[in-house]
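Notes for the structure review
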Amino acid sequence: EQVATNVLLWDLNDKQRLQVELSLAQTWYVAGSARKVMREMPRLTKLAEESGQRFTRMLCTSLWALSSLELGRWDDAVTLAESALKQAEVLGNRREIANQLNNLGLIYARTGEFQRADDVLNRAMTSDFSSRDSLSLAYSMRNLGQQRFLAGNHKAAASLLEEATFLSKSSGDRINSARGQ
């Protein structure tokens, strides 16, 4: 695997190389290899920072937070997710602000901080509502619904999950639609 990666990266410039390595780390995360991701994130985050790639640095920090969560490193996950949110806010990227609010809210929910999770996920759902597409709105609604279910507010959860499922179906997003049910 490492030899193939090195061959792939050989002819790329630093920015391209970092993008490919981040994509590989994201793939490892989705495949359930959070430990592998954790080994790479400090280096990739530092490279992004040193090269002035602020958006990529925010993505690295976010992936690092989610990987920390998967490995039960709660304090690290919260600190990193809060940092990723601040980075998105500095960039002024409204979609990433919503994404980072969702990540932070999910981390709060997983760590049992239900009120903080509710506040943050509500903020994600309503952030820049006017220009958000229905897919990202459905994602935020599903997260808020799941958090409310975990917190014991089943009636509110059911309403949010039903609406998220409807939005997902009407947008053609079968994955989020299935997750919302």
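Residues numbered from 1 in each chain as written. Predicted model: local features only at pLDDT ≥ 70, side-chain atom pairs only at ≥ 80, totals over all residues. Heavy atoms only, no water.

1. Description of the pattern of salt bridges
Proximity of charged atoms lets side chains of opposite charge pair with each other. In the structure shown here, the tally under the stated rule is nine salt bridges. Its salt-bridge partner being Glu40, residue Arg43 comes within 2.5 Å of it at the nearest N-O pair. Within this pair, Arg43 and its partner Glu40 are both found in helix H3 (residues 34-50), separated by three residues, close to a single helical turn. Two residues, Arg116 and Glu113, come together in a salt bridge whose shortest N-O distance is 2.9 Å. (Salt bridge = Lys/Arg side-chain N within 4 Å of Asp/Glu carboxyl O. Helix = DSSP H or I, 4+ residues; strand = E, 2+ residues; numbered from the N terminus.)

2. Considering the confidence of the model for the chain
When pLDDT is averaged across the chain, the result is 84; 86% of the residues are at 70 or more. Averaged over each element, pLDDT in the chain is lowest for helix H10 (residues 174-180) (51) and highest for helix H5 (residues 74-91) (96). (pLDDT = per-residue confidence, 0-100.)

3. Describing helix H9 (residues 154-171)
A rise of 1.5 Å per residue sets the reference length of H9, with its 18 residues, at 26 Å; its end C-alpha atoms lie 25 Å apart and thus fit the reference within 8%. For H9, the set of buried residues is Ala157, Leu160, Leu161, Ala164, Thr165, Leu167 and Ser168. Down the axis of H9, the buried side of the element spans an arc of 165°, and every buried residue falls inside it. When the buried face of H9 is taken as reference, the exposed residues oriented beyond 90 degrees from it are Lys155, Glu162, Phe166, Lys169 and Ser170. (Expected span 1.5 Å × (residues − 1). Buried < 20%, exposed > 50% of the residue type's maximum accessible area, 1.4 Å probe, protein only. Arc of directions from axis to C-beta.)

4. Observations regarding the packing of helix H7 (residues 114-126) against helix H8 (residues 134-150)
Two numbers describe how H7 lies on H8: the axes approach to 9 Å, and their chain directions differ by 165°. In terms of orientation, H7 lies roughly antiparallel with respect to H8. Taken as a pair, H7 and H8 cross one another with a handedness that is left-handed. Between H7 and H8, the residues in contact are Phe114, Ala117, Asp118, Leu121, Asn122, Ala124 and Met125 and Leu137, Ser140, Met141, Asn143, Leu144, Gln147, Arg148 and Leu150, respectively. Of the residues assigned to the contact of H7 with H8, the class counts are nine nonpolar, four polar and two charged. (Axes fitted to C-alpha atoms, helices over the stretch in contact; angles between N-to-C directions. Parallel < 35°, antiparallel > 145°, perpendicular 65-115°, else oblique. Left-handed = near helix turned anticlockwise from the far one by under 90°. Contact = heavy atoms within 4.5 Å. Nonpolar A, V, L, I, M, F, W, Y, C, P; charged D, E, K, R; others polar.)

5. Thoughts on the nonpolar core
Membership of the largest hydrophobic core comes to 18 residues, with the highest contact counts inside it found for Leu101, Leu104, Ile107 and Tyr108. Listed by contribution, the elements that provide at least two residues to this core are helix H4 (54-70), H5, helix H6 (94-110) and H7. Beyond its immediate sequence surroundings of up to four residues, Leu101 is in contact with Leu85, Val120, Leu121, Arg123, Ala124 and Ser127. Leu18, Trp28, Met41 and Leu44 belong to the second largest nonpolar core, which has ten residues in total. (Core = buried A, V, L, I, M, F, W, Y, C linked by side-chain atoms within 4.5 Å.)

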